[in-house]
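Geometric and topological summary
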Amino acid sequence: MSKCEQCIVRQFNSIKALTKDQLVQMANCKTSYTIKKGEPIFEEGETLNGVYCIKDGVCKLSKLSSNGKDQIVKLVKAGELLGQRSMISEESANLSAVALEDMEVCFVPKNEILQFFNQNNDFSMNVMKTICGDLKEADDHMVDMAQKTVKQRLAETLLYLEDTFGKNDDGSIRIQLSREELAGMIGTATESCIRLLSEFNKAKSIELQGKKIFIKDKKVLQKIS
């Protein structure tokens with residue numbers, strides 16, 4: 001069993017505030033498992049009986065809109081916790097979490113987390129700050145959707161993907177999203193997304209090789225976004 005106090009990702013989330021004894025307690029009650037690419041960690045409407053800590057890999061948080069389209073709300077990487085808000089508000093999951101690549105995930109039961117929440121003031125403050133940060137991100141995203149053109153949002157998203165998730169050895173953006181997923185992220189039709197990518201490609205600000213996207217001129221994309 002991997003020890004929570006030796007786990008590197010805990011430095012990136014609220015768990016960093018837990019004491020050594022609490023980390024040992026957490027290691028004894030958590031469940032670790034592998035989620036294959038394309039599999040859900042949980043689905044919208046599901047009751048979450050705890051929180052998920054992402055040890056490795058990336059997942060998308062998305063919501064099914066009334067027209068059946070998958071709207072990506074956020075991408076989540078190693079070190080982040082999922083399900084904190086549902087646990088505190090005692091509501092079912094508002095979004096679905098689906099693996100974009102093979103992932104290592106730890107699940108910590110709600111009872112343990114709430115116990116830490118009541119015992120450890122720093123931990124509860126950290127959880128609240130994370131939830132507030134998520135709300136701020138959601139506000140910014142809503143303003144972007146209302147005020148920026150699809151072209152601006154695509155340029156901004158491509159820069160975000162490279163800055164946040166890095167590049168492969170060949171220089172392409174590490175996270176490979178399908179054209180449909182990318183369109184879902186910027187809130188447009190897949191056809192519009194494909195058309196704009198091809199426009200950026202012609203202008204040589206990006207290069208497309210199959211599913212791979214290479215950013216060739218960051219300055220131009222920054223100007224557009």
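Conventions used here
Residues numbered from 1 in each chain as written. Predicted model: local features only at pLDDT ≥ 70, side-chain atom pairs only at ≥ 80, totals over all residues. Heavy atoms only, no water. Salt bridge = Lys/Arg side-chain N within 4 Å of Asp/Glu carboxyl O. Helix = DSSP H or I, 4+ residues; strand = E, 2+ residues; numbered from the N terminus. Buried < 20%, exposed > 50% of the residue type's maximum accessible area, 1.4 Å probe, protein only. Domains from an automatic or database assignment. Buried area = accessible area lost by both parts, 1.4 Å probe. 1 Å grid on protein atoms, 1.4 Å probe; cavity = no way out; pocket = protein on both sides within 12 Å on 5 of 7 lines; lining within 4 Å. Points joined across faces, edges and corners; volume = space filled by probe spheres on them. Nonpolar A, V, L, I, M, F, W, Y, C, P; charged D, E, K, R; others polar. UniProt positions renumbered as here; feature names shortened; annotations may be inferred.

**Describing the pattern of salt bridges**
Enumeration over the complete set of coordinates arrives at 16 salt bridges. E137 is the salt-bridge partner of K74, the closest N and O atoms lying 4.0 Å from each other. Note that K74 is positioned in strand β5 (residues 70-76) and E137 in helix α4 (residues 121-147), a separation of 63 residues in sequence. Exposure remark for K74: the relative accessible area of 16% places this residue in the buried category.

**Concerning the domain arrangement of the chain**
According to the domain assignment, the chain consists of domain 1 (4-145) and domain 2 (148-224). Here the C-alpha centroids of domain 1 and domain 2 sit 27 Å apart. Both sides of the domain 1 and domain 2 interface together cover about 1,300 Å² of buried area, and 57% of this is carbon and sulfur. Considering only the surface of domain 1 that becomes buried against domain 2, I72, L75 and D144 emerge as the three largest contributors, covering 40% of it.

**Section: the layout of surface pockets**
Taken as a whole, the largest pocket spans an internal volume of roughly 1,300 Å³. Lining the largest pocket are 45 residues, and of these V73, K74, D134, E137 and A138 lie nearest its centre. When contributions to the lining of the largest pocket are tallied by element, the ones reaching two or more residues are β4 (59-64), β5, β6 (81-82), α2 (84-89), α4, α5 (150-165) and α6 (179-186). When residues in the lining of the largest pocket are grouped by element, the largest group, 11 residues, is from α4. When its residues are assigned to classes, the lining of the largest pocket shows 21 nonpolar, 12 polar and 12 charged. If you count residues domain by domain, the lining of the largest pocket takes at least three from each of domain 1 (4-145) and domain 2 (148-224).

**A word on the UniProt feature "domain: Cyclic nucleotide-binding" (unreviewed entry) in the chain**
Under the local residue numbering, the UniProt record ascribes the feature "domain: Cyclic nucleotide-binding" (unreviewed entry) to residues 14-122. Structurally, residues 14-122 comprises 26% helix and 38% strand, and the distance from its first C-alpha atom to its last is 8 Å.

**Some thoughts on unusual backbone geometry**
Despite not being glycine, E90 shows a phi value in the positive range, around 55°. Of note, E90 is situated in the loop between α2 and β7 (96-99). The exposure class of E90 is exposed, given its relative accessible area of 63%. The backbone phi angle of K204 is positive, close to 65°, even though this residue is not glycine.

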